[in-house]
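What follows is each chain in one-letter form.
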Amino acid sequence: LFPCTTLFRSSKRAGPSVEAGTADLLCYVKPGWLDAEVLWTQPFLPGTGIVAARPGAPPVARLEDLRDEPLGTVLGYRYPVLGQAFMRPIRREDVPDATTNLRRLAFGRIRYAVTDRAALNHFLRDNPASGLREAIELERYQLGCALSPDNAALLAPLNRAIDHMQADGTLDAQLSRYR
């Protein structure tokens, strides 16, 4: 519908690229995750932030159990829930994207990684023998798309398209592939 003009190797550049207009659209994000002045579509994508664990990692009953644990994270992403829970910066082990994070977890390079439930489920579908599991749920949220301010005229048509996809079931059909 609205092609993105830039593919991101690093999530750290995603928000600034949308803000600067060198990229048109970035989806599956929420305002607290980006440090950029952009326009936002209505939230329409359900998500759940989790901490995933490798086989053999100790159970996690509460977030405080992870206070001194290095966590697999994605470069450029902010994790406000963890920062608030620990009242200090988390011990990050940054990688470029969620898939790399989950691969590192599966190879045993880290014990825990911050990710999204849908990302973990998708990874497990392709790698069932990895034995990865959800350790603890962090938060549930609704995600949308960040739109370049240069394309402000597209915001209303984009929101109408989202409404249409929700009404006719297209959105649920697409999302079911990741559940």
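Residues numbered from 1 in each chain as written. Predicted model: local features only at pLDDT ≥ 70, side-chain atom pairs only at ≥ 80, totals over all residues. Heavy atoms only, no water.

1. Focus: the overall build of the protein
- Each helix and strand in the protein was counted, giving six helices and seven strands.
- Here the protein has a C-alpha radius of gyration of 17 Å; the compact-globule value for 179 residues is 16 Å, and the two agree.
- If you line up the protein on its principal axes, its C-alpha atoms span 50 × 35 × 25 Å.
- Pairs at least 24 apart in sequence give 65% of the contacts found in the protein among residues at least 6 apart.
- Carbon together with sulfur atoms contributes 54% to the accessible area of the protein, which is approximately 9700 Å² in total.
- Put simply, the protein has 22 plus and 20 minus side-chain charges, and the middle of one group is 7 Å from the middle of the other. (Helix = DSSP H or I, 4+ residues; strand = E, 2+ residues; numbered from the N terminus. Rg over C-alpha atoms; globule rule 2.2 N^0.38 Å. Contact = heavy atoms within 4.5 Å. Areas by Shrake-Rupley, 256 points an atom, 1.4 Å probe, with all protein chains shown as cover. Lys, Arg positive; Asp, Glu negative; His and termini not counted. Charge placed at Lys NZ, Arg CZ, Asp CG, Glu CD.)

2. Remarks on the state of the cysteines
- If you walk through the whole model with that rule in mind, you get one disulfide.
- At a sulfur-sulfur separation of 2.0 Å, the disulfide partner of Cys27 is Cys145. In this structure the cystine formed by Cys27 and Cys145 twists about its S-S bond by roughly 105 degrees; its chirality is therefore right-handed. Highlighted residues: Cys27 in strand 1 (residues 25–29) and Cys145 in strand 7 (residues 133–147), separated in sequence by 118 residues.
- The partly exposed category is assigned to Cys27, whose relative accessible area is 36%. (Disulfide = S-S within 2.5 Å. Buried < 20%, exposed > 50% of the residue type's maximum accessible area, 1.4 Å probe, protein only.)

3. Concerning the pattern of salt bridges
- Under the definition given, this model contains nine salt bridges.
- Its salt-bridge partner being Glu137, residue Arg117 comes within 2.9 Å of it at the nearest N-O pair. Here Arg117, found in helix 4 (residues 117–126), pairs with Glu137, found in strand 7; they are 20 residues apart in sequence, far enough to count as distant.
- For Arg117, a relative accessible area of 23% puts it in the partly exposed group.
- Beyond isolated ion pairs, a larger network of salt bridges with shared partners links Arg117, Glu134, Glu137 and Arg140. (Salt bridge = Lys/Arg side-chain N within 4 Å of Asp/Glu carboxyl O.)

4. Observations regarding helix 5 (residues 155–167)
- If you check helix 5, its first and last C-alpha atoms are 18 Å apart, about what 13 residues at 1.5 Å a residue would give, namely 18 Å.
- The complete set of buried residues in helix 5 reads Leu158, Asn159, Ala161 and Ile162. Down the axis of helix 5, the buried side of the element spans an arc of 155 degrees, and every buried residue falls inside it. Turned more than 90 degrees from where helix 5 packs its buried face, Arg160, His164 and Ala167 sit exposed.
- Tucked into the core, helix 5 has its buried residues touching strand 1.
- Just past helix 5, the residue Gly169 takes up positive phi, approximately 90 degrees. (Expected span 1.5 Å × (residues − 1). Arc of directions from axis to C-beta.)

5. Quick look at the packing of helix 3 (residues 98–106) against helix 4
- At a minimum axis distance of 10 Å, the contact between helix 3 and helix 4 shows a crossing angle of 60 degrees. Put simply, helix 3 runs oblique to helix 4. The two elements helix 3 and helix 4 cross, and the hand of that crossing is right-handed. Side by side, helix 3 and helix 4 meet where Thr99, Leu102, Arg103 and Ala106 of the first sit next to Ala119, Leu120 and Phe123 of the second.
- Of the residues in the contact of helix 3 with helix 4, the class split is five nonpolar, one polar and one charged. (Axes fitted to C-alpha atoms, helices over the stretch in contact; angles between N-to-C directions. Parallel < 35°, antiparallel > 145°, perpendicular 65-115°, else oblique. Left-handed = near helix turned anticlockwise from the far one by under 90°. Nonpolar A, V, L, I, M, F, W, Y, C, P; charged D, E, K, R; others polar.)

6. Concerning the side chain of Thr73
- Considering the arrangement of structural elements, one finds Thr73 in strand 4 (residues 71–74).
- Thr73 gets classed as buried once you look at its relative accessible area, which sits at 0%.
- Within polar-contact distance, the side chain of Thr73 engages the side chain of Asp94 at 2.5 Å.
- Sequence-distant contacts of Thr73, that is, excluding residues within four places in its chain, are made with Tyr79, Ile90, Arg92, Glu93, Asp94, Val95, Asn101 and Val114. (Polar contact = N/O pair within 3.5 Å; in protein donor to acceptor, adjacent residues only side chain to side chain.)

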